[in-house]
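Here is how the chains run, residue by residue.
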Amino acid sequence: MIKLTFKVNGLKALGDLPPQGRADVLNAAAGRVRSVVEEHFDSFPSRQFWKEAADDVVVAPQWTTREGKGETVRTRVEIRKRGVALRYYGGKVKARGNISELTGKPTKSILIPGKELRANGGDLFDIVGDPQRVHVVKTKAGRVLLVEDMGKDAPVRVLGQLVKSTTHKPNKKVMPTREKMETAARKGAEHILRRLDIQPKN
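Residues numbered from 1 in each chain as written. Predicted model: local features only at pLDDT ≥ 70, side-chain atom pairs only at ≥ 80, totals over all residues. Heavy atoms only, no water.

Caption draft 1: Representation of the nonpolar core. Counting residues in hydrophobic clusters, the biggest one holds 35 residues, and the most contacted among them are Val37, Phe41, Val77, Ile79, Val84 and Met175. Listed by contribution, the elements that provide at least two residues to this core are β1 (2-11), α1 (19-42), α2 (47-55), β2 (57-66), β3 (71-79), α3 (84-89) and α6 (178-195). It is α1 that provides the largest number of residues to this core, a total of eight residues. In contact with Phe41, other than residues within four places in its own chain, are Trp50, Ala53, Ala54, Val57, Ile79, Val84, Val174 and Met175. Core analysis: the second largest hydrophobic core is formed by eight residues, Leu124, Ile127, Leu146 and Leu162 among them. (Core = buried A, V, L, I, M, F, W, Y, C linked by side-chain atoms within 4.5 Å. Buried < 20%, exposed > 50% of the residue type's maximum accessible area, 1.4 Å probe, protein only. Helix = DSSP H or I, 4+ residues; strand = E, 2+ residues; numbered from the N terminus. Contact = heavy atoms within 4.5 Å.)

Below, the structure written as structure tokens:
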């Protein structure tokens, strides 16, 4: 899971608000951040994976504190979709022996999806016609492939490569920049303050 906490400083009028008004400012800041993250995920290919990631975004308004000149709004962003944190932080993944939905047996390898499977969001069941036709082959070069037999005289469909583990480099572009999220939070907070005629427009 990705957890990021950031703050917006210098909201001088925030301390004059009643509790409900402060809650409105916090929720507005969080809402703007959620929109930025969702739009960022929607810009990626593999639509199904990133759509699920966008649906699993939790932006929690936390609290306001007085820090120096004015008040500070703190907001926490959580990305709970499995696999997003691996892309963001990087790391090594090994086969865990989970039961395969395709074979009903414990998995011994990790599937690196082929081009067609990646384009479909990595869901085997969406492209495999008959699970009974899926099997493993080993190439002369030593690669282990998961393929689907498409019938007599037809070439097999390569679904992906099977490996024992994968290593992923950190990719901070998976998330919007901290600056972009902080700007969104500030705009959300200031919008509510202007609407309440507490903070004048610049």
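This is not the end of the story, as more comes after the structure.
Caption draft 2: Examining the side chain of Thr72 more closely. Of note, Thr72 is situated in strand β3. Separated by 2.8 Å, the side chains of Thr72 and Asn9 make a polar contact. (Polar contact = N/O pair within 3.5 Å; in protein donor to acceptor, adjacent residues only side chain to side chain.)

Caption draft 3: The sheet that holds strand β8 (residues 157-163), seen in detail. In spatial order, the strands read β5-β8-β7-β6; together these four strands make up an open sheet with antiparallel pairing. Of all strands in the sheet, those with a lone pairing partner are β5 (110-113) and β6 (134-138), marking the two edges. Neighbour to neighbour, the strand axes of the sheet diverge by 35° on average, direction disregarded. Bridge analysis of β5 against β8 gives four bridges, and the strand direction is antiparallel. Residue pairing in the sheet places Ile110 in a bridge with Val163 of β8. (Pairing = 2+ DSSP bridges. Axes fitted to C-alpha atoms, helices over the stretch in contact; angles between N-to-C directions.)

By themselves, these figures tell us nothing about what the structure is for.
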